[in-house]
Number of protein chains: 2
Amino acid sequence: MKFCSECGASVVFEVPAGDDRHRYICRQCDVIHYQNPRIVVGCLPVAGDKVLLCRRAIEPRHGFWTIPAGYMENGETMLEGALRETREEAAATVENEQLYRLFDIPHINQVYVFYRADLVGDFGIGPESLESRLFAEDEIPWSELAFPIVTDVLVDFFADRQKHHYPIRVTKPGPLWAEHTGHKPSKI
Amino acid sequence: MKFCSECGASVVFEVPAGDDRHRYICRQCDVIHYQNPRIVVGCLPVAGDKVLLCRRAIEPRHGFWTIPAGYMENGETMLEGALRETREEAAATVENEQLYRLFDIPHINQVYVFYRADLVGDFGIGPESLESRLFAEDEIPWSELAFPIVTDVLVDFFADRQKHHYPIRVTKPGPLWAEHTGHKPSKI
Ligand SMILES: [Zn+2]
Ligand SMILES: [Zn+2]
């Protein structure tokens, strides 16, 4: 941020009185422009013993497989956002949605909120996807998953499925994706 | 938003190509300035059969009781944010933190994430609080709670406590607060 989004004046980057962090401050408006983490919402569609993944048509990680997910929009609930992304990226409808997996990714100022849900009917390919496909556990392309959180959600899901118990977990992304792909975990 | 925060040019409010929502767009930078929901993190400190609430020293709802909570900051996890707010607002330390209650408040573009945790040792009064106090269920000042989400968290907590089972729920705020205070639920 270089300019105030309200008046167009140059901002300064200082610690406001009574605060303990640097903020972008407009001296002309006397406004502090706070910057906060963003929420990514998504859904793991389940059909029998398979899950629906999409192959990314966009960067980053073009050509790699992911769970339908994207930035939550103003004016929607987390579930509404997850269902919207599922429609947009996989042309899929789901039902029986359950909150499932949260991730903190503090180094990129993001929080991920994933639901799991039952796939209803057919699915397709959205504009940001090259391909959509159902995968059983032994078909998952572990070395071609797009992001650490995708690996973690799938590992958790197939383990939880064995026990018919799906506890809601909050963690940072784990090291499994990096181990499978050779990518450094800090990169994404 | 009136001006681009990167170059200071005036922004336009239009639907970008391939999008379906109005966004603030800078024609000079060719940048879309997305606006997304913000996360409020908090913690319900529990001591025996009592919970720790703070009386607000700031607007909105100055003088009313709330759970320690505030905007999540860049660079922290949700739990780190909840613990920071608990320290700042109630000078309190907790342990055994458990994810407990999520709220969608789409009309103000907010998501709330509350943990419950065990209060450790003493507590005090932060700069944004007039008072901090432990309340048993029959002492809760129901008509003097600051926000709908506070009422909902407390109602859920004391009901869950009876069953020794604390399921993680995601809802919009319910009507109980408005009923107790006479405020319209849409106001906050
Ligand atoms: Zn300004
Ligand atoms: Zn610009």
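Residues numbered from 1 in each chain as written. Chains lettered and ligands numbered in written order. Predicted model: local features only at pLDDT ≥ 70, side-chain atom pairs only at ≥ 80, totals over all residues. Heavy atoms only, no water.

**Things to note about the coordination of the zinc ion (ligand 2)**
All names here are of chain B. Binding of the zinc ion (ligand 2) to the protein goes through Cys4 (SG), Cys7 (SG), Cys26 (SG) and Cys29 (SG), at separations of 2.2 to 2.3 Å. Coordination at the zinc ion (ligand 2) is tetrahedral: its four donor atoms span angles of 101 to 116 degrees at the metal. All donors of the zinc ion (ligand 2) come from a single chain, and their spacing in sequence reads C-x2-C-x18-C-x2-C. Cys29 sits in the partly exposed class, given a relative accessible area of 28%. (Donors = N, O, S within 2.8 Å, 3.2 Å for Na, K, Ca; no water. Tetrahedral: all angles 85-135°; square planar, octahedral: opposite > 155°, others 65-115°. Buried < 20%, exposed > 50% of the residue type's maximum accessible area, 1.4 Å probe, protein only.)

**Quick look at the sheet that holds strand 1 (residues 12-14) of chain A**
All names here are of chain A. If you trace the three strands from one edge of the open sheet to the other, you get 1-2-3, paired in antiparallel fashion. Among the strands making up the open sheet, the edge pair consists of strand 1 and strand 3 (31-33). Recorded for the sheet is a direction-independent mean angle of 40 degrees between the axes of neighbouring strands. By the bridge criterion, three bridges tie strand 2 (residues 23-26) to strand 3 in an arrangement that is antiparallel. Among the inter-strand pairings, Cys26 is bridged to a residue of strand 3, identified as Val31. (Pairing = 2+ DSSP bridges. Helix = DSSP H or I, 4+ residues; strand = E, 2+ residues; numbered from the N terminus. Axes fitted to C-alpha atoms, helices over the stretch in contact; angles between N-to-C directions.)

**Overview of the domain arrangement of chain A**
Domain boundaries in chain A define domain 1 (1-35) and domain 2 (38-187). Centre-to-centre separation of domain 1 of chain A and domain 2 of chain A, based on C-alpha positions: 36 Å. (Domains from an automatic or database assignment.)

**Observations regarding the UniProt feature "domain: Nudix hydrolase" (unreviewed entry) in chain A**
Following the UniProt record, the feature "domain: Nudix hydrolase" (unreviewed entry) maps to residues 36-158 of chain A here. A distance of 33 Å separates the end C-alpha atoms of residues 36-158 of chain A, which is 20% helix and 44% strand. (UniProt positions renumbered as here; feature names shortened; annotations may be inferred.)

**Concerning the coordination of the zinc ion (ligand 1)**
Residues and elements named next belong to chain A. Within the protein, the zinc ion (ligand 1) binds to Cys4 (SG), Cys7 (SG), Cys26 (SG) and Cys29 (SG); these donor distances fall in the range 2.2 to 2.3 Å. Coordination at the zinc ion (ligand 1) comes from four donor atoms whose angles at the metal span 101 to 116 degrees, giving a geometry best classed as tetrahedral. Between consecutive donor residues of the zinc ion (ligand 1), the sequence gaps follow C-x2-C-x18-C-x2-C. Placement of the pair is Cys7 in the segment before strand 1 and Cys29 in the loop between strand 2 and strand 3, with a sequence separation of 22 residues.

**As for the interface of chain B and chain A**
Taken together, the 38 residues of chain B in the interface contact 38 residues of chain A. Buried surface at the junction of chain B and chain A, summed over both partners, amounts to about 3400 Å²; 53% is from carbon and sulfur atoms. We note a salt bridge from Glu73 of chain B to Arg23 of chain A, for which the minimum N-O separation is 2.5 Å. For the side of chain B that touches chain A, the secondary structure elements donating two or more residues are strand 4 (38-47), helix 1 (78-90), strand 8 (93-105) and strand 9 (110-120) of chain B. (Contact = heavy atoms within 4.5 Å. Buried area = accessible area lost by both parts, 1.4 Å probe. Salt bridge = Lys/Arg side-chain N within 4 Å of Asp/Glu carboxyl O.)

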